[in-house]
Amino acid sequence: MGCAPSIHVSQSGVIYCRDSDESNSPHQTTTISQGTATLHGLFIKTDAADSIPSVLAYQSRQPPPPPSAGPRRKERREPGASARARAPRCCGVEAETQTSNASVKQASTTEVQIGPMRLTQDPIQVLLIFAKEDNQSDGFWWACDRAGYRCNIARTPESALECFLDKHQEIIVIDHRNSRYFDAEDICRSIRATKPSEHTVILAVVPRTSADQEETSVLPLLNAGFDRQFMENSSVTACYNELVQIEHGEVRSQFKLRACNAVFTALDYCQEAIEITSEDHVIQYVNPAFEQMMGYHKGELIGKELTELPKSDKNCVDLLDTINTFIKKGKLYKSHRDEKYTGDNSQSESHSFKCKNRRKDSIDVKSMTSQSSDAPSLQTQRYSSMARIHSMTIEAPITKVINIINAAQENSPITVAEALDRVLEILRTTELYSPQLATKDEDPHTSDLVGGLMTDGLRRLSGNEYVFSKNMNLSHSYLSVPNTINDVPPCIAQLLDNEESWDFNIFELEAVTNKRPLVYLGLKVFARFGVSEFLNCSETTLRAWLQVIEANYHSSNSYHNSTHAADVLHATAFFLGKEKVKGSLDHLDEVAALIAATIHDVDHPGRTNSFLCNAGSELAVLYNDTAVLESHHTALAFQLTTKDSKCNIFKNIDRNHYRTLRQAIIDMVLATEMTKHFEHVNKFVNSINKPMASEETSSHSEGSDCECTANIKNFPDNQTLIKRMMIKCADVANPCRPLELCIEWAGRISEEYFAQTDEEKRQGLPVVMPVFDRNTCSIPKSQISFIDYFITDMFDAWDAFAHLPVLMQHLANNYKHWKTLDELKCKSLRLPSENN
């Protein structure tokens, strides 16, 4: 495999084709650079006439002689108008070379793929070793010409060895028909004794046997180093077929092996610890870095199973135990899988065979460290550190999951391994709980709605800052409210008598309280749950606190006002009254939930987080564009509470109770931020719903009436999930309210989004939810999208836990209402018949 041939004219006028290597370096060399292997063919050309060995070098486009006549020496020596020249004698044998006046035939290179490597194979070189010219040597000569191979002829053992060491031919043809001139087997042995011959195919030409003669054994030839034998046949076509078969068989395979040697050389120099094992975990190769990390020489490792590696002070015992554990798990799985696919079932056998063939069962490479280092002086210290890292116990749970999946992959069928690859891809993303949206063209309402609610304004504009037109100062203005809950006007008291019902009409309370329903409903609900008693505060302090909080809701907002806060408080109190919820939470949790519901949207500007971030508002800057409003609601609520002793409901409780209560309130309010919606829902399903369903099934099968919730929910983490889910459902419970209330809330939230879109256009800001254009928006479509994407799954999970049949019935009826309007392409909130 040399470079493209070069035609040179020597000083004596001899024309020859040569690509020698004065350095005697092998054709295939390896260059190591940062763990990579590069293949090079190194050749140095010379014009010196006296450097020509005693061989014939010939390439010609002269057509071979007619098949009937066979090639003759005269035709090769004098092919047409050819030039003839003599070269100096070498090793006592005359060297001749001839070339046609026509251009020399250019042999093409071949591309070969081996794994991820793409290699270029240079034209094949052939060495013919024949003491005398005859029809057989001519046949191979012309066959090489037809195939585009570079061909050399040597007459003596000495010149043959010299030529081979110079050019490293891929194919050698030795005349083994008689031993009068040289011993063919001795020549073969002498060539095989050299290093380059391990990638060379040697062919023995043997005499043709007569029909009555028994064919001789090939074993003596194989023992001498020959690879094949060729029965004497001077036909150019027969010789050509033989050479081409060798090229596409043994030569191509040897070429790939030479490339593999380069890879192994690269692995030897790689600073990563690498081992190669069989499918049964028998070690086949380790590189020096692996030896250094494990503390053993390769002779102590090769041929042993990973589980049999001896433990000593020289190696990392924890690392070995980890490896052995995963291997044993893999073997058990493999054994189970093998049993599954064995038997008389041909389909199972076929499936097993396909799975086995598609696996990478020849080599299994494992990298035991993280990154390579370019500083050899630090290598010892680095591998010592890496060994300690493997024994650390600070792994994150997701890391453990990924490691277990990686271990399971190694002994899985290809279909399972590919599926696990996809699982790992998903686990390595940051948005584990957010489903992928359909394209905007498919569902623009859902895309815009979800994009507006679940992003923190990723699109930024410079120079545009949004300043709230509303007064952002802390307000402590007091309304005229009753001294006690017993002092409320009769019309309000009559409405509050029904506050424990899910069908309670918050809009009627809003009307009779002059848009300040939160104080009245808060006093009634807080009294029912004993909030003042728990906080050890007077009803006067509680009333003052409710008044301050409600005063800081913006009544000018169509949706995010104190009526919405009162509605969420009502829903939270309703949920707290359900048996399973009540049995899962303690009194502190109930108080925290009621306070969180009351303050969860205080000082809401009527704009989304995305709007504030895009506008560069002060709040967005303050909270680093992360959960901007939710962080503001909690921070402001505590500021308002603690600023004045008259309304500080926390002033009399123990410091530890206060810290616990405060943390619970903050956690619940932050849970209302929609970017974490799917995370909260999925955690609730996996940690509460599924274990509860499993335990209930087990209890029923055993005929036991034991409470299956006791072992699931009465833990701090599970209680936190329940509280988050409760306030989330209370915050967006509008689609589960009676139809008239649902329609009113839909109109209010749409109006607030319309106002935001109008302002975005005026300010030149990005329009976060383009579908909420008051001139074109279909409110029924937006409600359908909101229910489909956010509400259905969440309330199914919450209903499975808290048992809420009334809510689910309202949800079904309301969804049907919106679907009917959408089918009629009606953009209003009610059917035409209802409007009349």
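Residues numbered from 1 in each chain as written. Predicted model: local features only at pLDDT ≥ 70, side-chain atom pairs only at ≥ 80, totals over all residues. Heavy atoms only, no water.

**A short note on the overall build of the protein**
Of the regular secondary structure elements, the protein holds 33 helices and 17 strands. Counting across all 836 residues of the protein, residues that qualify as buried make up 49%. The long-range fraction of contacts in the protein, counting pairs at least 24 apart against all pairs at least 6 apart in sequence, stands at 72%. For the protein, the computed accessible surface area is about 40,300 Å², with 50% contributed by carbon and sulfur atoms. (Helix = DSSP H or I, 4+ residues; strand = E, 2+ residues; numbered from the N terminus. Buried < 20%, exposed > 50% of the residue type's maximum accessible area, 1.4 Å probe, protein only. Contact = heavy atoms within 4.5 Å. Areas by Shrake-Rupley, 256 points an atom, 1.4 Å probe, with all protein chains shown as cover.)

**A word on helix α29 (residues 716–731)**
For the α-helix, the turn length of 3.6 residues means that residues three or four positions removed from each other point alike. Compared with an ideal rise of 1.5 Å per residue, which puts 16 residues at 22 Å, α29 spans 23 Å between its outermost C-alpha atoms and is within 8% of the ideal. For α29, the tally of buried residues reaches 13 of 16 residues, placing the bulk of the element in the interior. (Expected span 1.5 Å × (residues − 1).)

**Brief notes about the nonpolar core**
Ranked by internal contacts, the top residues of the largest apolar core, which has 113 residues, are Leu535, Trp545, Phe575, Ile595, Ile665 and Trp798. Ranked by residues supplied to this core, first place goes to helix α31 (residues 779–802) with 13 residues. Leave out the neighbours within four places in its chain, and Trp798 touches Phe575, Val581, Phe684, Ile722, Met725, Met726, Cys729, His803 and Leu804. Among the nonpolar cores identified, the runner-up in size contains 23 residues, and Trp142, Cys144, Val205 and Val251 belong to it. (Core = buried A, V, L, I, M, F, W, Y, C linked by side-chain atoms within 4.5 Å.)

**A look at the packing of helix α20 (residues 562–576) against helix α22 (residues 587–599)**
Running from N to C, α20 and α22 point in directions that differ by 160°, and their axes come no closer than 8 Å. With respect to each other, α20 and α22 are oriented roughly antiparallel. α20 and α22 meet at a crossing whose hand is right-handed. Contacts between α20 and α22 involve Ala565, Val568, Leu569, Thr572, Ala573 and Leu576 on the former and, on the latter, Glu590, Ala593, Leu594, Ala597 and Thr598. Across the contact of α20 with α22, the residue classes tally to eight nonpolar, two polar and one charged. (Axes fitted to C-alpha atoms, helices over the stretch in contact; angles between N-to-C directions. Parallel < 35°, antiparallel > 145°, perpendicular 65-115°, else oblique. Left-handed = near helix turned anticlockwise from the far one by under 90°. Nonpolar A, V, L, I, M, F, W, Y, C, P; charged D, E, K, R; others polar.)

**Things to note about the pattern of salt bridges**
Taken as a whole and judged by the stated rule, the model has 24 salt bridges. When the shortest N-O distance is used, the salt bridge between Glu759 and Arg607 registers 2.7 Å. With Glu759 in helix α30 (residues 739–763) and Arg607 in the loop between α22 and α23 (609–615), this residue pair connects regions lying 152 residues apart in the sequence. A relative accessible area of 9% means that Glu759 is categorised as buried. (Salt bridge = Lys/Arg side-chain N within 4 Å of Asp/Glu carboxyl O.)

**Thoughts on a nonpolar patch on the surface**
Residues Val218, Leu219 and Leu222 make up a contiguous nonpolar surface patch of about 250 Å² in total accessible area. Mapped onto the elements of the fold, Val218 is located in the loop between β13 (201–206) and α5 (219–224). (Patch = residues over 30% accessible without salt bridge, like charges linked within 9 Å, V, L, I, M, F, W, Y side chains within 5 Å.)

**Quick notes on the packing of α22 against helix α26 (residues 655–671)**
Following both chains from N to C, one finds α22 and α26 inclined at 50°, their axes separated by 9 Å at the closest point. With respect to α26, the element α22 is oriented oblique. Of the two possible hands of crossing, α22 and α26 adopt the one that is right-handed. Residues Leu588, Val591, Ala592, Ala593, Ile595, Ala596 and Ile599 of α22 form the contact with α26, whose participating residues are His657, Thr660, Leu661, Ala664, Ile665, Met668 and Val669.

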